Amino acid sequence: MNIGFIAHESKKKLLQNFCIAYRGILSRHELYATGTSGRLIEEAANLSVHKFLAGHVGGEQQMASMIEQNEIDLMIFLRDPFMQKKRDPDPNKIFRLCDVHIIPLATNLASAEMLIKSLERGELDWRENYK
(Lines give C-alpha, C1' and ligand atoms only; values in the text may rest on other atoms or scores of the structure.)
Protein backbone atom coordinates (compact mmCIF):
# COMPACT_ATOMS: atom_id res chain seq x y z
CA MET A 1 0.00 0.00 0.00
CA ASN A 2 1.02 3.59 -0.57
CA ILE A 3 1.23 5.63 2.63
CA GLY A 4 1.46 9.42 2.61
CA PHE A 5 3.07 11.50 5.37
CA ILE A 6 2.91 15.21 6.12
CA ALA A 7 3.76 16.82 9.45
CA HIS A 8 3.61 20.39 10.64
CA GLU A 9 6.92 21.69 11.91
CA SER A 10 6.09 21.15 15.58
CA LYS A 11 5.06 17.52 14.89
CA LYS A 12 8.08 16.37 12.88
CA LYS A 13 9.85 14.79 15.86
CA LEU A 14 6.64 12.92 16.71
CA LEU A 15 6.49 11.69 13.10
CA GLN A 16 10.08 10.45 13.34
CA ASN A 17 9.35 8.57 16.55
CA PHE A 18 6.18 7.09 15.06
CA CYS A 19 8.11 5.80 12.05
CA ILE A 20 10.83 4.34 14.27
CA ALA A 21 8.22 2.56 16.40
CA TYR A 22 6.37 1.13 13.39
CA ARG A 23 9.36 0.62 11.11
CA GLY A 24 8.62 -3.09 10.72
CA ILE A 25 5.15 -2.43 9.35
CA LEU A 26 6.11 0.61 7.29
CA SER A 27 9.03 -1.15 5.62
CA ARG A 28 6.59 -3.43 3.78
CA HIS A 29 4.86 -0.50 2.06
CA GLU A 30 5.61 2.39 -0.29
CA LEU A 31 6.08 5.63 1.63
CA TYR A 32 5.54 9.14 0.26
CA ALA A 33 6.17 12.40 2.10
CA THR A 34 6.71 16.08 1.65
CA GLY A 35 10.41 16.96 1.48
CA THR A 36 11.49 17.66 5.03
CA SER A 37 9.19 15.04 6.57
CA GLY A 38 10.49 12.44 4.13
CA ARG A 39 14.12 13.25 4.83
CA LEU A 40 13.54 13.07 8.59
CA ILE A 41 11.76 9.70 8.26
CA GLU A 42 14.64 8.31 6.21
CA GLU A 43 17.25 9.56 8.67
CA ALA A 44 15.48 8.46 11.85
CA ALA A 45 13.91 5.15 10.80
CA ASN A 46 16.17 4.12 7.91
CA LEU A 47 13.14 3.74 5.63
CA SER A 48 13.00 4.46 1.92
CA VAL A 49 10.67 7.38 1.19
CA HIS A 50 9.57 8.93 -2.11
CA LYS A 51 10.08 12.59 -1.31
CA PHE A 52 8.17 15.47 -2.84
CA LEU A 53 9.10 19.12 -2.57
CA ALA A 54 8.82 20.78 0.83
CA GLY A 55 5.15 21.28 1.68
CA HIS A 56 5.18 25.07 1.41
CA VAL A 57 6.82 25.07 -2.05
CA GLY A 58 4.63 22.51 -3.78
CA GLY A 59 4.98 19.21 -1.91
CA GLU A 60 1.49 19.50 -0.51
CA GLN A 61 0.13 19.94 -4.05
CA GLN A 62 2.15 16.93 -5.25
CA MET A 63 0.66 14.81 -2.46
CA ALA A 64 -2.81 16.14 -3.27
CA SER A 65 -2.31 15.11 -6.89
CA MET A 66 -1.52 11.53 -5.84
CA ILE A 67 -4.64 11.50 -3.67
CA GLU A 68 -6.75 12.81 -6.57
CA GLN A 69 -5.40 10.00 -8.76
CA ASN A 70 -6.27 7.47 -6.03
CA GLU A 71 -2.61 6.54 -5.63
CA ILE A 72 -2.43 7.02 -1.85
CA ASP A 73 -4.09 4.33 0.29
CA LEU A 74 -3.50 5.78 3.74
CA MET A 75 -2.66 9.35 4.78
CA ILE A 76 -1.00 10.45 8.01
CA PHE A 77 -1.02 14.23 8.44
CA LEU A 78 0.26 15.09 11.91
CA ARG A 79 -0.91 18.62 12.41
CA ASP A 80 -0.62 21.19 15.13
CA PRO A 81 -4.00 22.93 15.35
CA PHE A 82 -2.61 25.68 17.60
CA MET A 83 0.82 26.52 16.24
CA GLN A 84 0.44 26.46 12.47
CA LYS A 85 3.06 28.67 10.81
CA LYS A 86 2.95 30.30 7.38
CA ARG A 87 5.29 27.64 6.01
CA ASP A 88 3.18 24.75 7.33
CA PRO A 89 0.90 23.04 4.79
CA ASP A 90 -2.81 23.85 4.94
CA PRO A 91 -4.53 20.61 5.92
CA ASN A 92 -7.97 21.44 4.52
CA LYS A 93 -7.27 20.48 0.90
CA ILE A 94 -5.71 17.14 1.90
CA PHE A 95 -8.58 16.42 4.31
CA ARG A 96 -11.20 17.22 1.68
CA LEU A 97 -9.49 15.05 -0.95
CA CYS A 98 -9.17 12.12 1.46
CA ASP A 99 -12.88 12.40 2.20
CA VAL A 100 -13.79 12.56 -1.50
CA HIS A 101 -11.61 9.58 -2.45
CA ILE A 102 -12.38 7.51 0.68
CA ILE A 103 -8.78 7.42 1.90
CA PRO A 104 -8.23 6.68 5.60
CA LEU A 105 -6.72 9.75 7.27
CA ALA A 106 -4.99 10.18 10.63
CA THR A 107 -4.38 13.65 12.04
CA ASN A 108 -2.88 12.77 15.41
CA LEU A 109 -0.78 10.05 17.02
CA ALA A 110 -3.73 8.03 18.35
CA SER A 111 -5.48 7.76 14.99
CA ALA A 112 -2.17 7.11 13.20
CA GLU A 113 -1.43 4.18 15.50
CA MET A 114 -4.92 2.76 15.00
CA LEU A 115 -4.58 2.93 11.21
CA ILE A 116 -1.10 1.38 11.16
CA LYS A 117 -2.21 -1.47 13.40
CA SER A 118 -5.28 -1.98 11.19
CA LEU A 119 -2.98 -2.05 8.18
CA GLU A 120 -0.85 -4.73 9.83
CA ARG A 121 -3.93 -6.87 10.52
CA GLY A 122 -5.06 -6.61 6.90
CA GLU A 123 -8.11 -4.52 7.71
CA LEU A 124 -7.30 -2.00 4.98
CA ASP A 125 -7.01 -4.56 2.18
CA TRP A 126 -10.34 -3.26 0.84
CA ARG A 127 -8.36 -0.31 -0.60
CA GLU A 128 -6.87 -2.64 -3.23
CA ASN A 129 -10.37 -3.55 -4.41
CA TYR A 130 -11.53 0.05 -4.26
CA LYS A 131 -8.86 1.17 -6.74
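Residues numbered from 1 in each chain as written. Predicted model: local features only at pLDDT ≥ 70, side-chain atom pairs only at ≥ 80, totals over all residues. Heavy atoms only, no water.

Q: What is the right way to read the overall build of the protein from this model?
A: When helices and strands are tallied, the protein shows seven helices and five strands. For 131 residues, the compact-globule estimate of 2.2 N^0.38 gives 14 Å, and the C-alpha radius of gyration of the protein, at 13 Å, lies within 12% of that figure. By its C-alpha atoms, the protein is 40 × 30 × 25 Å across when sized along the principal axes. By sequence separation, contacts in the protein at least 24 residues apart represent 67% of the contacts at least 6 residues apart. By element, 49% of the accessible surface of the protein is carried by carbon and sulfur atoms, the whole surface being about 6,700 Å². (Helix = DSSP H or I, 4+ residues; strand = E, 2+ residues; numbered from the N terminus. Rg over C-alpha atoms; globule rule 2.2 N^0.38 Å. Contact = heavy atoms within 4.5 Å. Areas by Shrake-Rupley, 256 points an atom, 1.4 Å probe, with all protein chains shown as cover.)

Q: Mind showing me how you'd approach unusual backbone geometry here?
A: Glycine aside, residues mostly have negative phi angles, and peptide bonds mostly take the trans form. A positive phi is found at N46, a non-glycine position, where the angle reads about 55 degrees. Summarising the element assignment, N46 is placed in the loop between α3 (35-45) and β3 (49-51).

Q: Would you mind showing me how to read the pairing of strand β4 (residues 74-78) here?
A: Each regular strand carries side chains that alternate between the two faces of the sheet. Along β4, five of the five residues are buried, which leaves the element largely enclosed by surrounding structure. Of the two faces of β4, both are covered, the one formed by L74, I76 and L78 as well as the one formed by M75 and F77. Relative to β4, strand β1 (residues 2-7) runs parallel, the two being bridged by five bridges. When the sheet's bridge partners are listed, A7 is paired in β4 with L78. One ladder, built from two bridges, connects β4 with strand β5 (residues 105-106); its direction is parallel. Each residue of the ladder has a partner; that of M75, found in β5, is L105. (Buried < 20%, exposed > 50% of the residue type's maximum accessible area, 1.4 Å probe, protein only. Pairing = 2+ DSSP bridges.)

Q: Could you clarify how one ought to interpret the sheet that holds strand β2 (residues 30-33) in this entry?
A: To summarise the sheet geometry, strands pair through backbone hydrogen bonds and adopt either a parallel or an antiparallel arrangement. Strand order in this open sheet of five strands is β3-β2-β1-β4-β5, and the pairing throughout is parallel. Each edge of the open sheet carries a strand with a single partner, namely β3 and β5. Together, β1 and β4 form the strand contacts of helix α1 (residues 12-21), whose direction differs from that of β1 by roughly 150 degrees. (Axes fitted to C-alpha atoms, helices over the stretch in contact; angles between N-to-C directions.)

Q: Where do I start with a nonpolar patch on the surface in this structure?
A: Nonpolar side chains collect at one region of the surface, where I102, W126 and Y130 lie side by side and expose about 280 Å² of accessible area between them. Tracing the backbone shows I102 in the loop between α5 (91-100) and β5. Its relative accessible area of 42% is what places I102 among the partly exposed residues. (Patch = residues over 30% accessible without salt bridge, like charges linked within 9 Å, V, L, I, M, F, W, Y side chains within 5 Å. Salt bridge = Lys/Arg side-chain N within 4 Å of Asp/Glu carboxyl O.)

Q: Teacher, can you tell me more about the packing of aromatic side chains here?
A: Between two aromatic rings, the relevant description is the distance of the centres plus the angle of the planes. The final tally for this structure, using the stated rule, is three aromatic pairs. Judged by centre distance (5.6 Å) and plane angle (70 degrees), the rings of F77 and F95 are edge-to-face. In this pair, F77 sits in strand β4 while F95 sits in helix α5, placing the two residues 18 residues apart along the sequence. One exposure class covers both F77 and F95, and it is buried. (Phe/Tyr/Trp six-rings, centres within 6.5 Å; stacked < 30°, edge-to-face > 60°.)

Q: Can you help me understand the pattern of salt bridges in this one?
A: Side chains that carry opposite charge are capable of pairing whenever their charged atoms lie near each other. Under the counting rule described, the total for this entry stands at four salt bridges. The partner of E42 in a salt bridge is K51, and the shortest N-O contact between them spans 2.8 Å. A relative accessible area of 25% places E42 in the partly exposed class. The exposure class of K51 is partly exposed, given its relative accessible area of 42%. A salt bridge links R127 to D73; its shortest N-O distance comes to 3.4 Å. A residue pair is termed long-range when its members are at least 10 positions apart, and R127 in helix α7 (residues 126-130) and D73 in the loop between α4 (59-68) and β4 qualify at 54 residues.

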